[in-house]
Amino acid sequence: MNQLQNFTKGFVRENPILMLVLGCCPTLATTTSAVNGLGMGIATAFVLVGSNTVVAMLANLIPDKVRIPSFIIIIASFVTVVDLLMKAYVPDLYETLGIFIPLIVVNCIVLGRAEAFASKNTVLSSAIDGLGMGLGFTMALGILGAFREILGSGSVFNYRFIQGDGILVFILAPGAFIALGYFIALVNRVKNK
Amino acid sequence: MAKTESTFKNMVISLTLISLVASACLGFVYEMTREPIELANLNKKLSAIRQVVPEFTNNPNDEMYMLPTGDGDSLEIYPAKSGNEIVGYAVNTNTSTGFSGNISLMAGFKPDGTIINITVLEQKETPGLGTKMAEPAFKDQFKDKNPGNFILKVKNDGGPVDAITAATISSRAFCHAVQRAYNALQKGGEK
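1. Digging into the overall build of chain B
Broken down by element type, chain B carries three helices and five strands. Going residue by residue from the N terminus, the α and β elements of chain B occur as α-β-β-β-β-β-α-α. In summary, chain B has a C-alpha radius of gyration of 23 Å against a globular reference of 16 Å for 191 residues, an excess of more than 25%. Expressed along its principal axes, the backbone C-alpha trace of chain B runs to roughly 80 × 45 × 30 Å. Of all 191 residues assigned to chain B, the portion counted as buried reaches 42%. Pairs at least 24 residues apart make up 48% of the contacts formed inside chain B by residues separated by at least 6 positions. Working note: accessible area of chain B is about 10000 Å², and carbon and sulfur atoms make up 55% of it. Charge separation in chain B, taken as the distance between the mean sites of 19 positive and 20 negative side-chain charges, equals 4 Å.

Laid out in structure tokens, this is it:
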């Protein structure tokens, strides 16, 4: 597998949300608008790249029996860094994403890539894998967020194009499940053609 | 390089080292971001104050004082002065009677108690329903009203306030928070 394939596999073929269905908690919770979805995706992508790189560097030094706790410490450190940086430089976005940033620690896609990919591959491929996966995650969250925002609030990227209310259920939790379900079904249908 | 064996010694050493390095990095980032975070919080507060009171020349944050609300709590009052004359008070008020979590508002009053403007600092109400409290359609009905003769109650409770459709609890909580701000300001007197 060359590096280009390694990078692009995160977008459709092994997309964390659409194919692996990992990391659904933040997906369902933060995609109430396109901006929130993208913000969450980018934060997760940053953590993925960082943790994948460091895990790949240390993979041989970490004894097998303590690899999971070690990975968790590495991931948690990166998440805290993102948390502090966002609080300092993008307070508005931090406000809306709130508690979901610390929750990136338990996002299974991050630990999943560390365990399944980064611990067995070179530093460069791991970083590219993290970037591809992270951007694929961002893309899925952005599309889902835009879809829910259009139907639910009648706006996209905070630009209103209809007055009055949208279909409220799409902003609420049930709408997240409905939208994600149809999104996954559609992508699988197209992919299997 | 060969894989490190999972002996007790190796495990202790590697975990200790990883934790040490991680905490050093975190300490560094924390120090680096501490000032910008404080600045961001202060700016947020000042811009909220600016939205709810007329133009001022002092620094309301430095002249902040607390006044009791009469129900065992006290609120932060930010006096806005133009020269030496007080042009308004911004009150950081809150309530826990919302639909979910705390609602925190910045309410601006003229010295006689008339509401100038209100802005929502923090709320976790239902998206698309209770969150509409931050929109002008709802909160602008409080503008230029004096809670002394304008009862802060929704129509369901016999008051004049138009509640948000399907979010009566949130609307009620909003009124309650404003009422608390008014109580604090009036009971605290004119300082």
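2. Comments concerning the packing of aromatic side chains
For any pair of aromatic rings, the description consists of the separation of the ring centres together with the inter-plane angle of the planes. Residue and element names in this part refer to chain B. Inspection of the entire model under this criterion finds seven aromatic pairs over all chains. Centroid distance Phe109 to Tyr182: 6.3 Å. Interplanar angle 45°. Geometry classified as tilted. A residue pair is termed long-range when its members are at least 10 positions apart, and Phe109 in strand β4 (residues 103-109) and Tyr182 in helix α3 (residues 168-187) qualify at 73 residues. A single burial state applies to Phe109 and to Tyr182, both of which are buried. Seen from their ring centres, Phe138 and Phe142 are 5.6 Å apart, and the 75° between their planes marks the pair as edge-to-face. When sorted by exposure, Phe138 lands in the same class as Phe142, which is buried. Each residue in the set Phe138, Phe142, Phe150 and Phe174 is aromatic and connected to the rest through ring pairs, giving one cluster.

3. Notes on the interface of chain B and chain A
Between chain B and chain A, the residue contacts involve 28 residues of the former and 26 residues of the latter. Taken as a group, Lys3(B), Ile18(B) and Leu26(B) account for 21% of the area that chain B buries against chain A, more than any other trio of residues on that side. Remark: the boundary between chain B and chain A carries zero salt bridges. Between chain B and chain A we count zero residue pairs in polar contact (both at pLDDT 80 or more) in total.

4. A closer look at the side chain of Glu149(A)
Residues and elements named next belong to chain A. Along the chain, Glu149 turns up in helix α7 (residues 123-153). A relative accessible area of 2% means that Glu149 is categorised as buried. In terms of polar contacts, Glu149 uses its side chain to reach the side chain of Ser155, at 3.2 Å. Apart from the residues lying within four places of it in its own chain, the contact partners of Glu149 are Thr32, Ser33, Ala34, Gly154, Ser155, Val156, Phe157 and Asn158.

5. Some remarks on the pattern of salt bridges
Overall, the coordinates contain 10 salt bridges over all chains when judged by the stated rule. With a shortest N-O distance of 2.6 Å, Asp129(A) and Lys9(A) are connected by a salt bridge. One end of the pair, Asp129(A), is in helix α7; the other, Lys9(A), is in the loop between α1 (3-8) and α2 (24-30), and 120 residues separate them in sequence. No difference in accessibility class separates Asp129(A) from Lys9(A), as the two residues are buried. Where Asp73(B) meets Arg180(B), a salt bridge forms, and the shortest distance between an N and an O atom there is 2.7 Å. With Asp73(B) in the loop between β1 (65-68) and β2 (74-82) and Arg180(B) in helix α3, this pair connects stretches of sequence that are 107 residues apart. Relative accessible area serves as the criterion here: at 33%, Asp73(B) is assigned to the partly exposed category.

6. Thoughts on a nonpolar patch on the surface
All names here are of chain A. A grouping of Ile150, Tyr159, Phe161 and Ile162 is seen on the molecular surface, where their side chains present a nonpolar patch of about 400 Å² in accessible area. Within the secondary structure, Phe161 is located in the loop between β2 (159-160) and α8 (173-192). The class of Phe161 is partly exposed, set by a relative accessible area of 43%.

7. Points about α7(A)
Along its 31 residues, α7(A) runs 43 Å from first to last C-alpha, staying within 8% of the 45 Å computed at 1.5 Å per residue. Gly154(A) occupies a position one or two residues after α7(A) and carries a positive phi of about 65°.

8. Looking at the layout of surface pockets
Taken as a whole, the second largest pocket encloses approximately 470 Å³ of empty space. Along its surface, the second largest pocket is lined by 21 residues, and Val54(A), Leu58(A), Ile74(A), Ile18(B) and Val21(B) are the ones closest to its centre. Listing elements by their share of the lining of the second largest pocket, those giving two or more residues are α3 (34-58) and α4 (67-89) of chain A together with α1 (8-52) of chain B. By residue number, the principal contributor to the lining of the second largest pocket is α1(B), which donates 10 residues. Here the lining of the second largest pocket is built from residues that sort into 17 nonpolar, four polar and no charged.

9. As for the confidence of the model for chain A
Regions with low pLDDT carry predicted coordinates that are not meant to be interpreted in detail. Put simply, chain A has an average pLDDT of 86, and 99% of its residues get 70 or more. Across chain A, element-level confidence peaks in α7(A) with a mean pLDDT of 91 and bottoms out in β2(A) with 78.

Criteria and thresholds
- Residues numbered from 1 in each chain as written.
- Chains lettered and ligands numbered in written order.
- Predicted model: local features only at pLDDT ≥ 70, side-chain atom pairs only at ≥ 80, totals over all residues.
- Heavy atoms only, no water.
- Helix = DSSP H or I, 4+ residues; strand = E, 2+ residues; numbered from the N terminus.
- Rg over C-alpha atoms; globule rule 2.2 N^0.38 Å.
- Buried < 20%, exposed > 50% of the residue type's maximum accessible area, 1.4 Å probe, protein only.
- Contact = heavy atoms within 4.5 Å.
- Areas by Shrake-Rupley, 256 points an atom, 1.4 Å probe, with all protein chains shown as cover.
- Lys, Arg positive; Asp, Glu negative; His and termini not counted.
- Charge placed at Lys NZ, Arg CZ, Asp CG, Glu CD.
- Phe/Tyr/Trp six-rings, centres within 6.5 Å; stacked < 30°, edge-to-face > 60°.
- Buried area = accessible area lost by both parts, 1.4 Å probe.
- Salt bridge = Lys/Arg side-chain N within 4 Å of Asp/Glu carboxyl O.
- Polar contact = N/O pair within 3.5 Å; in protein donor to acceptor, adjacent residues only side chain to side chain.
- Patch = residues over 30% accessible without salt bridge, like charges linked within 9 Å, V, L, I, M, F, W, Y side chains within 5 Å.
- Expected span 1.5 Å × (residues − 1).
- 1 Å grid on protein atoms, 1.4 Å probe; cavity = no way out; pocket = protein on both sides within 12 Å on 5 of 7 lines; lining within 4 Å.
- Points joined across faces, edges and corners; volume = space filled by probe spheres on them.
- Nonpolar A, V, L, I, M, F, W, Y, C, P; charged D, E, K, R; others polar.
- pLDDT = per-residue confidence, 0-100.

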